[in-house]
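Here are the chains, one letter per residue:
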Amino acid sequence: PLEMPWLDCRHLDLPPDEKEANAERIIREFRAVSKDREVAYRDGHRMVSVLEKAAFSEKQDLPFVRNGVYLISGGLGGIGIEIAKYLLMHHAARLILVGRTPLPEISHNAEPEADAPDAEKITARIRAFRELEQLDGEVVYEAADICDSEQMLEVCRGAENRWESGLDGVIHLAGIFRTRLLNEETPDSFSESLRPKILGACVLHQLVRENGLFISFGSVNGFLGGLSAGAYSAANTFPDAFSHYLRHERSLQSHCFSWSMWDEVGMSQDYLMKEQSRDQGYFMIDPRKGIAALLAGLHADHPRLLIGLDAAKPFVRPRVRTGAYLPQQLSAYFTASEGTSFPETLQMTEMRDRFGTLSHCEFVRIPEMPLTASGEVDTAELLGMAGQSAQASGEKIAPRTGLERIIAGIWQEVLGIESVGVHNSFFELGGQSILLVQVHSKVQQTLGQDLSMVELLRYPTISSLAGYLGQKEKQKPSYQGAQERAEKQKQIRQKRMQQKRGRGHPRFRNQGPECKN
Ligand SMILES: NC(=O)c1ccc[n+]([C@@H]2O[C@H](COP(=O)([O-])OP(=O)(O)OC[C@H]3O[C@@H](n4cnc5c(N)ncnc54)[C@H](OP(=O)(O)O)[C@@H]3O)[C@@H](O)[C@H]2O)c1
């Protein structure tokens, strides 16, 4: 749905032996207006995945052994180098770093030819390797494909001959990040992203000694998805589930850490849309903080952690379990003409939620049903009435000029919200790149002005965009036509609202799913 917002996709995980009940469940899910994309039914319970804030009490010592032998897949990648440094400096570890790129220069002590393909990347890796060699412990680099079990057995045999020890652990970092829209993926391109995360993990875990350590790195995209990163997101759902399996079925000390972005490290190097990602709820993680978070997670023995999410942002918030996200709390808001007393029978009414579960219902009488510009019930406003405002916080300054009003109208339409402040960032209000494409085409249509996506990204608030467009427009004809069109649209919206007002009757909202994952 991130790439095709007109599609309403749900993933239902149903027990195969409950055919009749499943049929009913599917129908209920079809009817529901629920935003839950993944739902599992287990033992009669409806379950959805939610995020919960992790507690960080120190439960155990770090699982690293002094002079321990560890294999780091993707070990000369951005994060691999940081982790290798830590293990050498603090645990005098003996490390095998694995990547596919051959680096014969490491053994022959020669620099790659300047015009060789990837010369720059190779030079940087050799330099990083030389720096690691200066630290405590020992380090070797092996060029091998982690998905090839023969090659990996060979690598381990080499380590055993060298150090007379099996593997104390694997830190599985190898991965491939490519941006591509889902409908442009081919079976080959898709499996290229899946391979190191899935096949790689399956091969690597078999190399670790009994009760050894298996740490895998994933991405928050595995939980939240990612625009133009469907294959990468799919690949990153695996480490989490596999880590759970290893811990419970294979007696390994397994952990999965899924990150937002390590600032200017590895895959996130030269990333251009930091500000937008930040507004969407992804923190940039400084490498030192990344290592600190990893150690805190290991001390607390968390099997799975998502690190670097801002739960206050609208893109992340709906997935977070909070006090306001109570299971099965129904509220009915209703209006009634003056003098009407609250009917006691209403309190006695047996309420069931949309999934048929008996539920307590809170009845709230309000003077007027809040409606959005398009005439729908304004649920955000209702939440506000219940003291649980879901609106983004911060002072909201209304549009002040004709141009700001036009842009605000477009944002409201695209984001489906009633009002915006001129200093709110588009991404802070829940805007995603795909919605920005809609804004882009509407701004161009309405104002009849050329505007690139890059310009739009550079000016993410109404105030900054209007200021920029105003400057640009000074050399061009006026906005009169556009303002007239916007005024006309406003009149139509107001007329629709007037027609819909006054039809006050109870509306129900369900504040959350029944169970957590
Ligand atoms: N950097 C971030 O901001 C970030 C954010 C979230 C999650 N992560 C996760 O953290 C991990 C490390 O990321 P990074 O930024 O360090 O990535 P990176 O710099 O791109 O390093 C990944 C390494 O994996 C190696 N690799 C890929 N496929 C392989 C295979 N089949 N066999 C052996 N090696 C293979 C690559 O080396 P060759 O090219 O030589 O094969 C590459 O050096 C990844 O799993 C990623 O999903 C990173």
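Above: the structure in question.
Residues numbered from 1 in each chain as written. Predicted model: local features only at pLDDT ≥ 70, side-chain atom pairs only at ≥ 80, totals over all residues. Heavy atoms only, no water.

**Q** So what exactly am I meant to see when it comes to the overall build of the protein here?
**A** Looking only at helices and strands, the protein features 18 helices and 18 strands. Expressed as a percentage of its 517 residues, the buried residues of the protein come to 44%. Counting contacts in the protein only where the partners sit at least 6 residues apart, residues at least 24 apart contribute 71% of the total. (Helix = DSSP H or I, 4+ residues; strand = E, 2+ residues; numbered from the N terminus. Buried < 20%, exposed > 50% of the residue type's maximum accessible area, 1.4 Å probe, protein only. Contact = heavy atoms within 4.5 Å.)

**Q** Please explain empty space enclosed by the protein as it appears in this structure.
**A** It is the rolling of a water-molecule-sized probe over the atoms that shows where space remains empty. Under the defined criterion, the tally for this structure stands at one cavity of 30 Å³ or more. A breakdown of the residues in the lining of the largest cavity according to their chemical character gives eight nonpolar, no polar and no charged. (1 Å grid on protein atoms, 1.4 Å probe; cavity = no way out; pocket = protein on both sides within 12 Å on 5 of 7 lines; lining within 4 Å. Points joined across faces, edges and corners; volume = space filled by probe spheres on them. Nonpolar A, V, L, I, M, F, W, Y, C, P; charged D, E, K, R; others polar.)

**Q** What is the right way to read the side chain of His302 from this model?
**A** Assignment of secondary structure puts His302 in the loop between helix H11 (287-299) and strand E12 (304-307). Residue His302 is classed as buried on the basis of its relative accessible area of 15%. Leaving out residues up to four positions away in the same chain, His302 has contacts with Ala54, Ala55, Phe56, Arg247, His255 and Gly297.

**Q** Any chance you could explain the site of the ligand here in plain terms?
**A** As a structural note, the neighbourhood of the ligand is formed by 28 residues, with Arg100, Thr101, Lys197, Tyr232 and Ser268 the closest of them. Here an oxygen atom of the ligand sits 2.8 Å away from a polar atom, N or O, in the main chain of Trp262. Within the backbone of Val265, one N or O atom sits 3.2 Å away from a nitrogen atom of the ligand. Coverage of the ligand by the protein amounts to 93% of the 880 Å² it exposes when considered alone. Where the shell around the ligand is concerned, the elements lending two or more residues are helix H2 (78-91), helix H6 (187-204), strand E8 (208-219) and strand E10 (261-262). With three residues, the top contributor of residues to the shell around the ligand is E8. Within the shell around the ligand, the residues separate by chemical class into 13 nonpolar, 11 polar and four charged. (Near = heavy atom within 4 Å. Polar contact = N/O pair within 3.5 Å; in protein donor to acceptor, adjacent residues only side chain to side chain. Areas by Shrake-Rupley, 256 points an atom, 1.4 Å probe, with all protein chains shown as cover.)

**Q** I would appreciate a short explanation of the sheet that holds E8 in the present structure.
**A** Strand pairing in a sheet relies on backbone hydrogen bonds, with the paired strands running either antiparallel or parallel. What the seven strands build is an open sheet, ordered E6-E5-E4-E7-E8-E9-E12; its pairing is parallel. The outermost strands of the open sheet, each flanked by one partner alone, are strand E6 (138-143) and E12. For this sheet, the mean angle separating the axes of adjacent strands, direction not counted, is 15 degrees. Where strand E5 (residues 94-99) and E6 come together, six bridges link them in parallel fashion. Residue pairing in the sheet places Ile96 in a bridge with Val140 of E6. Sheet contacts for helix H4 (residues 119-133): E5 and E6; angle to E6, the most-contacted strand, approximately 155 degrees. Each of strand E4 (69-73), strand E7 (167-172) and E8 is contacted by H6, which is oriented at about 180 degrees to E7, the strand it contacts most. (Pairing = 2+ DSSP bridges. Axes fitted to C-alpha atoms, helices over the stretch in contact; angles between N-to-C directions.)

Fair warning: the whole summary comes from geometry, so function is off the table for now.
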